[in-house]
Amino acid sequence: MRALLASSISVACATALALPLAVSADAAASPASATSSSVPSSVPSSVPSSGASSSSASSSSAELAGSTQSLPLVPLGATDRTLGAARAQGLPERNTEPFSLLGVVWDEAKDELHGTVQVRTRAAGTRTWSGWQDVDTHNQEHAPDPGTPEYGAAHIHGSTAPLWVGHSDGVEVRVRADAAGDGRATPGVLPRGLHIDLVDPGADPDGVGAADEAEQEEGAEQAQDQAVASGARAEDVVAAARPYIGPRPRIITRHGWGADEHLREPGYVYTGKVKAAFVHHTGSGNNYRCSQAASVLRSIYRYHVRSNGWRDIGYNFAVDKCGNLYEGRAGGVAKPVLGAHTLGFNTNSTGVAVIGTYASTNPSAAALDAIARLTAWKLGLYGVNPNGTTHLTSAGGNLYRKGRSVRLNAISGHRDGYATDCPGARLYKKLGKARSSSARFQGRP
């Protein structure tokens, strides 16, 4: 693929217009890649999946392996007086079905949990319990934009960040509201409907981790024909080519990490263009091996859809600590897919999440290099200088009111658009290096 991009600018531009989306070969009905006749220039648009399906479509519609256990929290009474029964909920030690990722969820997405969440888990098949681990409670800023159908869905919920705990079969939980004096004038109140979701990603399907390079090359060879078929003249495709487009990096597709396409809503939603990339961390902890990254992604995907109630995983791309890049939300890696990663600024942007937590841990050099290579290609397709700035219009948030035009770096941290710790102080400090590297990969002087 990189050779094709280097030898033909027209192919590179055409790739921006159409790239096939691989789906799970085991899916009972696999949505095909988006083939709409046009992508609107200013407002998000929903494109239905076309009718392609796998060979097993007639025999099964069951989801692939994986599950979510939802356990309601209960008031913690006199046995834990230090927490206070009125302002604390949790679960005592209990056995569970196997799981690897967890998070606390509540009824209303607009409610915030002002307090602390801590968990202990038991390694599966053992009697070994972990120590208490803190769960990041500030997660509402990872969400669809206000005013969008996804944000207004009746089934959308509030939640903590997900936490990867590894293969486990026991859990203990305690949730404590902030007391008066903990930065509050009055004691905090916990949201309604608190429960803990325990996510099992299921076993890795055959071929997980494959980059599907052959399919990507085939898509590049057919891209110009697809662009012309969608109504664009061949000469217009060539004329629109940008001079600074980084080589397309190796991206593990949704099929490659084992995404169950039955989980997400059908169809794809697009925005007008990609003017900026927001860098995130998943807040899910760093206790994973790169060989487990696909399982972590399947767990986050299931958490975003089943627990948060979103239409798909929120991020457009993910990066593991070894620098492997993964396709996130469905719709085509070269296309302007509308994500749910930076509340208020999902329109005309793309979201890149580094798997892990980087408040006090430095991101790996490999992960930073992957961010630079991805943004050099993705932003280059839309003529954006990674070392430059752009303007985005806020859809509303805690930093910028709705409708305000905000000047941002083309590669920004999540905290640039919303008052949050994301992507963690250590990762945020490295974004300057990512910008300069990305521009260099584009061939800019």
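Please refer to the structure placed before this passage.
Rules used in this analysis
Residues numbered from 1 in each chain as written. Predicted model: local features only at pLDDT ≥ 70, side-chain atom pairs only at ≥ 80, totals over all residues. Heavy atoms only, no water. Helix = DSSP H or I, 4+ residues; strand = E, 2+ residues; numbered from the N terminus. Buried < 20%, exposed > 50% of the residue type's maximum accessible area, 1.4 Å probe, protein only. Contact = heavy atoms within 4.5 Å. Pairing = 2+ DSSP bridges. Axes fitted to C-alpha atoms, helices over the stretch in contact; angles between N-to-C directions. Patch = residues over 30% accessible without salt bridge, like charges linked within 9 Å, V, L, I, M, F, W, Y side chains within 5 Å. Areas by Shrake-Rupley, 256 points an atom, 1.4 Å probe, with all protein chains shown as cover. Salt bridge = Lys/Arg side-chain N within 4 Å of Asp/Glu carboxyl O. Lys, Arg positive; Asp, Glu negative; His and termini not counted. Charge placed at Lys NZ, Arg CZ, Asp CG, Glu CD. Expected span 1.5 Å × (residues − 1). Parallel < 35°, antiparallel > 145°, perpendicular 65-115°, else oblique. Left-handed = near helix turned anticlockwise from the far one by under 90°. Nonpolar A, V, L, I, M, F, W, Y, C, P; charged D, E, K, R; others polar. Core = buried A, V, L, I, M, F, W, Y, C linked by side-chain atoms within 4.5 Å. Phe/Tyr/Trp six-rings, centres within 6.5 Å; stacked < 30°, edge-to-face > 60°.

**Describing the environment of Arg298**
Structurally, the position occupied by Arg298 is in helix α6 (residues 293-307). Given a relative accessible area of 6%, Arg298 falls into the buried group. Once the C-alpha coordinates of Arg298 and Gly258 are considered, the two residues, 40 residues apart in sequence, prove to be 7.0 Å apart. Those residues in contact with Arg298 that sit more than four places away from it in its chain are Pro201, Gly202, Ala203, Asp204, Pro205, Val208, Trp257 and Gly258.

**A short note on the pairing of strand β4 (residues 88-106)**
Each regular strand displays side chains that alternate between the two surfaces of the sheet. Note: strand β3 (residues 74-75) against β4, two bridges, orientation antiparallel. Its bridge partner lying in β4, Pro75 is registered against Gln89. Examined bridge by bridge, β4 and strand β8 (residues 163-177) share nine bridges and lie antiparallel to one another. Its bridge partner being in β8, Phe99 is matched across the sheet by Ser168. Bridge count for β4 against strand β9 (residues 195-200) is five bridges, and the pairing is antiparallel. Each bridged residue has a counterpart across the sheet, and for Leu102 the counterpart in β9 is Leu198.

**Brief notes about the side chain of Ser412**
As for its position among the elements, Ser412 is in strand β18 (residues 411-413). Excluding anything up to four places from it in sequence, Ser412 contacts Ala277, Phe278, Val279, Leu431 and Arg435.

**Notes on the sheet that holds strand β10 (residues 251-252)**
Reading across the sheet, the six strands line up as β10-β14-β13-β15-β12-β18 and stay open at both edges, with mixed pairing between neighbours. Unpaired on one side and paired on the other, β10 and β18 mark the two borders of the sheet. Pairing analysis gives six bridges linking strand β12 (residues 276-281) to strand β15 (residues 349-354), with the strands arranged parallel. Across the sheet, Ala277 pairs through a bridge with Thr350, a residue of β15. Along the sheet face, helix α7 (residues 365-381) touches β10, β12, β13 (317-319), β14 (325-327), β15 and β18 and points at about 155° away from the line of β13. Along the sheet face, helix α9 (residues 431-441) touches β12 and β18 and points at about 165° away from the line of β18.

**Regarding a positive patch on the surface**
On the surface, a cluster of positive charge is made up of Arg426, Lys429, Lys430, Lys433 and Arg440. Here Arg426 is to be found in helix α8 (residues 425-428). Note on Arg426: relative accessible area 32%, which makes it partly exposed.

**What about α6?**
Taking 1.5 Å per residue, 15 residues should reach 21 Å; α6 reaches 20 Å between its end C-alpha atoms and fits that length. Of all 15 residues that make up α6, 14 are buried, and the element is covered over most of its length. One or two residues past the end of α6 sits Gly309, with phi positive at roughly 85°.

**Notes on the packing of α7 against α9**
Packing of α7 against α9 brings their axes to within 8 Å, and their N-to-C directions diverge by 45°. With respect to their mutual orientation, α7 and α9 come out oblique. Crossing of α7 against α9: the hand is right-handed. Residues Asp369, Ile371, Ala372, Arg373, Thr375 and Ala376 of α7 pack against Ala434, Ser437, Ser438 and Phe441 of α9. Its residues assigned to classes, the contact of α7 with α9 shows five nonpolar, three polar and two charged.

**Re the nonpolar core**
Grouped together as the largest cluster of nonpolar side chains are 28 residues, with contacts concentrated most on Val319 and Trp377. Contributing elements (two or more residues each) for this core: β12, β13, β15, α7 and α9. Here the element with the most residues in this core is α7; it accounts for eight residues.

**Describing the environment of Ala259**
Along the polypeptide, Ala259 turns up in the loop between α5 (254-257) and β11 (268-270). Distance from Ala259 to Ala330, taken between C-alpha atoms, is 9.8 Å for residues 71 residues apart in sequence.

**Quick word on α9**
For α9, the complete set of buried residues consists of Leu431, Ala434, Arg435, Ser437, Ser438, Ala439 and Phe441. On its buried face, α9 sits against β12, α7, β17 (405-409), β18 and α8. Of the residues one or two after α9, Gly443 is the one with positive phi, at around 85°.

**Quick look at the packing of aromatic side chains**
Per the stated rule, a full pass over the model turns up three aromatic pairs. Arranged with centres 5.7 Å apart and planes meeting at 90°, the rings of Trp257 and Tyr301 form a pair that is edge-to-face. In this pair, Trp257 is assigned in helix α5 and Tyr301 in helix α6, connecting sequence segments 44 residues apart. Pair check on accessibility: Trp257 and Tyr301 agree, each one buried. Look at Phe278 and Phe345: their rings are 6.2 Å apart centre to centre, the planes differ by 40°, and that puts the pair in the tilted class. Remark: Phe345 occurs in the loop between β14 and β15 and Phe278 occurs in strand β12; sequence separation between them is 67 residues.

**Digging into the pattern of salt bridges**
Applying the stated criterion across every chain yields a total of 10 salt bridges. Its salt-bridge partner being Glu261, residue Arg254 comes within 2.9 Å of it at the nearest N-O pair. Assessed through its relative accessible area of 0%, Arg254 is described here as buried. You can call Glu261 buried: its relative accessible area is 3%. A network of salt bridges, in which partner residues are shared, links Arg254, Glu261, Arg264 and Asp312.

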